[in-house]
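If you want the building blocks of each chain, they are given just below.
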Amino acid sequence: MHTNVATNHTKTEILQLLLQLALSSGGSFAIWRKPKSNTVEIVLDETANPFKVDLSIEELEPGFIVHPFADQVDKKAYFIKASKYFSFEIDKPIATDELPEWAKIQLNNQEKLSPAEIRELLINQTLVSKIKTSKLSEQKDHFTQLVKEGIKAIQQNLLEKVVPARTKTISIPPNFNLSCTLLKLMDSYPNAFINFFHLPHVGTWIGASPETLIETKGDTFYTMSLAGTQIAIGDNPLKSAAWTQKEIEEQALVSRYIVSCFKKIRLREYEEHGPKTVLAGNLLHLRSDFKINMQETGFPELGSIMLGLLHPTSAVCGMPRGEAHDFLQEFEGFDRSFYSGFLGPVNIQGSTSIYVNLRTASLHDNEATLYAGAGVTEDSDPEKEWEETELKCQIIGKFIQNPSA
Ligand SMILES: C=C(O[C@@H]1C=C(C(=O)O)C=C[C@H]1O)C(=O)O
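Fair warning: this is a prediction, and the values are worked out from it, not measured in the lab.

A.B. asks: Just to check I follow, could you spell out unusual backbone geometry for this structure?
C.D. replies: Generally, phi is negative for residues other than glycine and the peptide bonds are trans, each holding for most cases. The residue after His 311, namely Pro 312, is reached through a cis peptide bond having omega -10°. Locating Pro 312 in the fold gives a position in the loop between helix H9 (302-310) and strand E17 (318-319). Residue Pro 320 is reached from Met 319 by a cis peptide bond, and omega for that bond is -15°. In this structure, Pro 320 sits in the loop between E17 and helix H10 (321-331). With a phi angle near 55°, Lys 75 is a residue other than glycine that sits in the positive phi range. With respect to the helices and strands, the residue Lys 75 is situated in the loop between strand E5 (63-67) and strand E6 (76-81). The exposure class assigned to Lys 75 is exposed, which follows from its relative accessible area of 59%. For Asn 347, which is not glycine, the phi torsion reads 50° and is therefore positive. For Asn 347, the position within the fold is in the loop between strand E18 (342-346) and strand E19 (351-356).

A.B. asks: Would you mind showing me how to read the sheet that holds strand E2 (residues 28-33) here?
C.D. replies: Pairing between sheet strands relies on hydrogen bonds along the backbone, with the strands arranged either parallel or antiparallel. One open sheet accounts for 8 strands, arranged E7-E3-E2-E11-E12-E20-E21-E10; its pairing is antiparallel. Strand pairing shows two members of the sheet lacking a second neighbour, strand E7 (84-89) and strand E10 (165-171), which therefore form its edges. Averaged over all pairs of adjacent strands, the angle between their axes in this sheet comes to 15°, without regard to strand direction. Bridging between strand E20 (residues 360-364) and strand E21 (residues 367-373) involves 5 bridges; their strand directions are antiparallel. Bridge pairing in E21 places Ala 361 opposite Leu 370. Here helix H5 (residues 178-188) sits on the sheet in contact with E2, strand E3 (39-45), strand E11 (193-199) and strand E12 (203-209), set at roughly 150° to E11.

A.B. asks: Sorry if this is basic, but what is going on with the sheet that holds strand E16 (residues 283-293) here?
C.D. replies: With antiparallel pairing, 9 strands are arranged side by side in an open sheet as E4-E6-E5-E18-E19-E13-E14-E16-E15. In this open sheet, the two strands that pair with only one neighbour each are strand E4 (51-54) and strand E15 (271-280). On average, each strand axis in the sheet is inclined to that of its neighbour by 25°, with strand direction left out of account. As paired elements, E4 and E6 share 4 bridges and run antiparallel to each other. Bridge pairing links Asp 54 to Lys 76 in E6. Seen against the sheet, H9 touches strand E13 (212-217), strand E14 (220-231), E16, E18 and E19 and runs at an angle of roughly 175° to E13. Seen against the sheet, helix H11 (residues 382-401) touches E14, E15 and E16 and runs at an angle of roughly 70° to E16.

A.B. asks: I would appreciate a short explanation of the UniProt feature "domain: Chorismate-utilising enzyme C-terminal" (unreviewed entry) in the chain in the present structure.
C.D. replies: The positions UniProt marks with the feature "domain: Chorismate-utilising enzyme C-terminal" (unreviewed entry) are residues 140-392. Across residues 140-392, helical content stands at 34% and strand content at 34%; the span's end C-alpha atoms are separated by 15 Å.

A.B. asks: Is there a simple way to think about the site of the ligand in this case?
C.D. replies: In the region of the ligand, 18 residues are neighbours, and Thr 229, Tyr 339, Arg 359, Gly 373 and Gly 375 sit closest. Between the ligand and Thr 229 there is a distance of 2.5 Å, counted from an oxygen atom to a side-chain nitrogen or oxygen. Burial of the ligand by the protein chains amounts to 100% of its free accessible area of 390 Å². Put simply, the ligand lies in the largest cavity. Listed by contribution, the elements that provide at least two residues to the shell around the ligand are E14, E21 and H11.

A.B. asks: I keep staring at the packing of helix H1 (residues 11-25) against H5 and nothing clicks. Help me out?
C.D. replies: Two packed helices can be described by the angle between their axes and the distance between those axes. The geometry of H1 relative to H5 is characterised by a closest axis approach of 9 Å and an angle of 125° between their N-to-C directions. Classified by the angle their axes make, H1 and H5 are oblique. Considering the relative orientation of H1 and H5, their crossing is right-handed. Judged by residue contacts, Lys 11, Thr 12, Leu 15, Gln 16 and Leu 19 of H1 engage Leu 178, Ser 179, Leu 182 and Leu 183 from H5. Here the residues of the contact of H1 with H5 sort into 5 nonpolar, 3 polar and 1 charged.

A.B. asks: Teacher, can you tell me more about the side chain of His 285 here?
C.D. replies: Among the structural elements, His 285 can be located in strand E16. Judged by relative accessible area, His 285 falls into the buried class, the value being 2%. Separated by 3.3 Å, the side chains of His 285 and Thr 229 make a polar contact. Side chain to side chain, His 285 and Arg 359 meet in a polar contact 3.1 Å long. Once you skip the residues sitting within four places of it in the chain, His 285 turns out to touch Leu 226, Ala 227, Gly 228, Thr 229, Trp 243, Lys 276, Thr 277, Val 278, Ala 280, Arg 359 and Lys 392.

Analysis parameters
Residues numbered from 1 in each chain as written. Predicted model: local features only at pLDDT ≥ 70, side-chain atom pairs only at ≥ 80, totals over all residues. Heavy atoms only, no water. Helix = DSSP H or I, 4+ residues; strand = E, 2+ residues; numbered from the N terminus. Buried < 20%, exposed > 50% of the residue type's maximum accessible area, 1.4 Å probe, protein only. Pairing = 2+ DSSP bridges. Axes fitted to C-alpha atoms, helices over the stretch in contact; angles between N-to-C directions. Contact = heavy atoms within 4.5 Å. UniProt positions renumbered as here; feature names shortened; annotations may be inferred. Near = heavy atom within 4 Å. Polar contact = N/O pair within 3.5 Å; in protein donor to acceptor, adjacent residues only side chain to side chain. Areas by Shrake-Rupley, 256 points an atom, 1.4 Å probe, with all protein chains shown as cover. 1 Å grid on protein atoms, 1.4 Å probe; cavity = no way out; pocket = protein on both sides within 12 Å on 5 of 7 lines; lining within 4 Å. Sits in = over half its atoms within 2 Å of the grid points. Parallel < 35°, antiparallel > 145°, perpendicular 65-115°, else oblique. Left-handed = near helix turned anticlockwise from the far one by under 90°. Nonpolar A, V, L, I, M, F, W, Y, C, P; charged D, E, K, R; others polar.

Written as structure tokens, this is what we have:
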């Protein structure tokens, strides 16, 4: 007798199914989980060529935006249209019936791939997106020299702050399991924006960002200033953390930058809270929050306006912005690609949440390139800044090398 019993799937099975489906579609896709949320979301656009859009986000259809660090000549960003969208709750089993038709068809028609086969599929898809980082950007000497150059430029009053970055390339182990790594990141970093995106022939990245660039929901606009880093130690690191003048000043600079953007557009009414100490993985940062009522202030398109003004903030580039950008171009010695750019869901379920692409890695062939930077002020110690980038790299690196870390 045939009984119609609904089959329940675990979050791992669902994620594996979605990854198999998306990676074999030949299209672009993104999977994410927002901070403090239990919902995993995916958008998939099966068009073979990645698509680009203007930064007027209010006018965009639902999708996922991805922009590199560098300003683009065409002033456009990559965009993954939500031609297919699905979300599920991470803490509940999912019945086959709850899957969208496109996933059910896949479930019925295709053989389920093992995690090793999905790894193979991923590697085949990323063979072509080899990232051009120089050997230099991996070297400690090069980075500490860069920090010294930054301090010199600050002492000469050419800059107030600069955020040099470096890379670290690790191999993707044979037992790498993408869905386990993603779930482990979600579990370990509840306050982070966990993300994975794949743009064929452009890039495949995984990250756990602690920093919101802009968020709009209903009439509310939100942004934050995040800077200053120390390792979290003890039972109650949030309470016991003490900050030095260097870190307080470094974060205040980012806040002042945000306020100067508000002033530029004559926006006078905003709420500012903080700074307070926040946890990101095993690191602590200082954070201030800014909130605006877009309707009351008469700025219904504040999302796009601020996106244009804020990026790249002094948390990832420096102050003054133009001079810091030129300094990095001259001395950093590698292409940051999507690292310290921005990414996130746009106009999905009535909200837009765009994050700074930090604590991130690019996957290519059998390797992952991790990216991290550190804010340099006059009082920086080059050795300490290097250690800070090592800690930042580990946030993602440890779950690529060993998902059960
Ligand atoms: C540049 C990075 O992080 C940024 C720089 C920080 C700092 O200099 O202390 C802290 C948080 C982020 O705003 C990074 O993670 O690569």
